[in-house]
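Chain residues, written in single-letter form:
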Amino acid sequence: MRAQPTGSHYINGRFHDSPNGAELVSIFPATGEVIAKLNAADDETIELAMSMAESGQKIWAATPPLERGRVLQKAAAILREKNRELSVLETLDTGKPLQETLVADAASGADCLEYFGNLAGSLTGEHIDLGGSFAYTKREPLGVCVGIGAWNYPVQIACWKAAPALACGNAMVFKPSEVTPLTALRLAEALTEAGLPAGVFNVVQGFGDVGAKLIAHPKTAKVSLTGSVPTGSKVAALAGEHLKKITLELGGKSPLIVFEDADIENAVSAAINANFYSSGQICSNGTRVFVHSSIKQAFLKRLVERTGNAVLGDPLNEETNIGPLVSKPQLEKVLSYMRIGQDEGARLVCGGGAAEVATLHGGYFVQPTVFADVTDQMRIAREEIFGPVMSVLDFETEDEVLARANATEFGLAAGVFTKDIQRAHRVIDSLQAGTCWINTYNLTPIEMPFGGYKKSGVGRENGHAAIEYYSQIKSVYVEMNGVEAPF
Ligand code: NAD
């Protein structure tokens, strides 16, 4: 498959190039091979994207919402038709196994376009009775929204931002992560094919400096970032300086709590999904697995047995469960945490280093790794690693585990396994996290709002909640009587 796109950027319904912009490459992480060369946006390209978005937005906002919805639904159908092709491209760009990209990336993006497409025609304001006179509210778009993506779910992140923004009548300029620039361009093409007016969804490539220029641009009304907490602080500071509205989807160090009455096999499945899916490169991962001490041995035994069955290798092979990490810097970061865990005295139960794949040289593979006897103070239990490194911590009582689970600056997600229905809800009520699961983990259907407490984020994506972050309410007072004045 040819990964090289027709052009680096997609502006006003067509590809665009900026040959003088800094070089930006896409690397197939299973081999380290360069599969596409692009250029970052220069200032003229940013200017062009912003002004095309501004004109496109006016046309789009005047399009009846039901018609806007039809375009999004058609784009969803196009993504579904092209799912295999898009999945292979996502696998080449990210290294995530095709087994995953076939079901979780463009497919979930299509769900998102369909969901917000269905919602577009039913966005309404309200009528407020003032006793004779009345007021009404209208839900209006914000204008040009900037989306900035992370590299772990490139096309899904682009859809999670574009679909609610477009449903509300906004235009978007989207900057993918410089590590995974390819599939957002395919989304732009699909939206054009579905009938989206030119300029309403644009893609510009670039590093953090391009993101910063987009945020500070006078035509930008709002920015939605998916990225790390340090980038989130910089984006919030810059957006604050220019008083731009923000949504921030940031990192986490989420707890998964397994009580003594849990179904151990299901809890092990959840811990595997919460740490090893996408080679652990998922923001909401339950990387602190608190297991009641009475079931710790049984839990670890099954966890190690089942992790030993994982097929690690070529991500383009559909039998592969675990592919490489996304990049060399990510590989080095994850390997350093594997060493830190051992230096800190955590007990290495399995994995612990780089992995060799006989047929692929130069890939960024690491072994799925489990540390037991981890304590709260260890860095592997406090810092986001973003790799397949699970920390298992013991606990004795509900109060104790709740206090420890909440003792973090993050608050993205949390999970609890128990058969006691009252305990499940009681524990969830006390967990400081924006997205929670009872007896499962990491399922993020588009209907359910997603986002973080504390330093893990601002605002929500998905569900009806996302509409609040891509629209503004206009209140209109209608006087039905005369106007009194003091003189
Ligand atoms: P990152 O913070 O390094 O980069 C994210 C994006 O921000 C990139 O497009 C980057 O170019 C851009 N950027 C960097 N500096 C910027 C600046 N000063 N101004 C504007 N834009 C700037 O994150 P990453 O390494 O790409 O992704 C991994 C991180 O993303 C992890 O922390 C993970 O938890 C988080 N993440 C969160 C969610 C969520 O929904 N909460 C989802 C996926 C990933």
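Residues numbered from 1 in each chain as written. Predicted model: local features only at pLDDT ≥ 70, side-chain atom pairs only at ≥ 80, totals over all residues. Heavy atoms only, no water.

Topic: the pattern of salt bridges
Pairing between side chains of opposite charge can happen when their charged atoms approach one another.
Next up, step 1: The final tally for this structure, using the stated rule, is 30 salt bridges.
Next up, step 2: The partner of Arg186 in a salt bridge is Glu189, with the nearest N and O atoms 3.9 Å apart. In this pair, Arg186 and Glu189 are both assigned in helix H7 (residues 183-193), three residues apart and thus about one turn of the helix distant.
Next up, step 3: Between Lys328 and Glu332 there is a salt bridge; the shortest N-O distance is 3.5 Å. Highlighted residues: Lys328 and Glu332, both in helix H12 (residues 328-343), separated by four residues, approximately one helical turn.
Next up, step 4: Through salt bridges with shared partners, one network takes in Glu265, Lys301, Arg302, Glu305 and Arg306. (Salt bridge = Lys/Arg side-chain N within 4 Å of Asp/Glu carboxyl O. Helix = DSSP H or I, 4+ residues; strand = E, 2+ residues; numbered from the N terminus.)

Let's talk about the site of the ligand
Next up, step 1: Contacts to the ligand come from 29 residues, most closely from Gly149, Glu178, Thr231, Leu250 and Glu384.
Next up, step 2: Within the contact set of the ligand, an oxygen atom lies 3.3 Å away from a backbone nitrogen or oxygen of Gly227.
Next up, step 3: In this structure, an oxygen atom belonging to the ligand sits 2.6 Å away from a side-chain N or O atom of Glu384.
Next up, step 4: Bound to the protein, the ligand loses 87% of the 860 Å² it would expose on its own.
Next up, step 5: Secondary structure elements with two or more residues in the shell around the ligand: helix H8 (208-216), strand S10 (220-226) and helix H9 (229-241).
Next up, step 6: Take the shell around the ligand: its biggest share by element is four residues, from H8.
Next up, step 7: Here the residues of the shell around the ligand are counted per class, giving 14 nonpolar, ten polar and five charged.
Next up, step 8: Taken domain by domain, the shell around the ligand gets at least three of its residues from each of domain 1 (9-251 + 456-474) and domain 2 (255-438). (Near = heavy atom within 4 Å. Polar contact = N/O pair within 3.5 Å; in protein donor to acceptor, adjacent residues only side chain to side chain. Areas by Shrake-Rupley, 256 points an atom, 1.4 Å probe, with all protein chains shown as cover. Nonpolar A, V, L, I, M, F, W, Y, C, P; charged D, E, K, R; others polar. Domains from an automatic or database assignment.)

What about the packing of aromatic side chains?
Next up, step 1: Applying the stated criterion across every chain, the model contains seven aromatic pairs.
Next up, step 2: Considering the side-chain rings of Tyr10 and Phe15, the 5.2 Å spacing of their centres and the 90° angle between planes classify their relative orientation as edge-to-face.
Next up, step 3: Residue Phe15 is classed as partly exposed on the basis of its relative accessible area of 22%.
Next up, step 4: The ring of Tyr153 has Lys96 lying over it, and the distance from NZ or CZ to the ring centre is 3.2 Å.
Next up, step 5: A cation over a ring is seen here: Arg423 above Phe259, with NZ or CZ 4.0 Å from the ring centre. (Phe/Tyr/Trp six-rings, centres within 6.5 Å; stacked < 30°, edge-to-face > 60°. Buried < 20%, exposed > 50% of the residue type's maximum accessible area, 1.4 Å probe, protein only. Lys NZ or Arg CZ within 6 Å of the ring centre and 35° of its normal.)

Let's talk about the UniProt feature "modified residue: Cysteine sulfenic acid (-SOH)" (unreviewed entry) in the protein
Next up, step 1: Per the UniProt record, the feature "modified residue: Cysteine sulfenic acid (-SOH)" (unreviewed entry) sits at Cys283.
Next up, step 2: Within the secondary structure, Cys283 is located in the loop between helix H10 (264-276) and strand S13 (288-292).
Next up, step 3: Beyond its immediate sequence surroundings of up to four residues, Cys283 is in contact with Asn152, Leu250, Gly251, Gly252, Glu384, Phe386, Leu412 and Phe450. (UniProt positions renumbered as here; feature names shortened; annotations may be inferred. Contact = heavy atoms within 4.5 Å.)

Remarks on the sheet that holds strand S16 (residues 389-395)
Hydrogen bonds along the backbone pair up the strands of a sheet, which may run parallel or antiparallel.
Next up, step 1: What the seven strands build is an open sheet, ordered S14-S15-S16-S13-S12-S17-S18; its pairing is mixed. What marks the edges here is a single partner per strand, and that holds for strand S14 (347-350) and strand S18 (435-438). The sheet shows a mean angle of 20° between the axes of neighbouring strands, taken without regard to direction.
Next up, step 2: Of the strand pairs in this sheet, strand S12 (residues 255-258) and strand S17 (residues 413-417) are connected by three bridges, and their pairing is parallel. Bridging from a neighbouring strand, Ile257 pairs with Val416 of S17.
Next up, step 3: Helix H14 (residues 398-406) contacts S12, S13 and S16 of the sheet and is inclined by roughly 145° relative to S16. (Pairing = 2+ DSSP bridges. Axes fitted to C-alpha atoms, helices over the stretch in contact; angles between N-to-C directions.)

Digging into the sheet that holds strand S6 (residues 134-141)
Next up, step 1: Read from one edge to the other, the open sheet built from three strands follows the order S5-S6-S20, with strand pairing classed as antiparallel. Because the sheet does not close on itself, it has two edges, and the strands there are strand S5 (127-129) and strand S20 (471-478). Within the sheet, the average angular offset between the axes of one strand and its neighbour, ignoring direction, is 20°.
Next up, step 2: Relative to S6, S5 runs antiparallel, the two being bridged by three bridges. Counterpart to His127 in the pairing with S6 is Tyr136.

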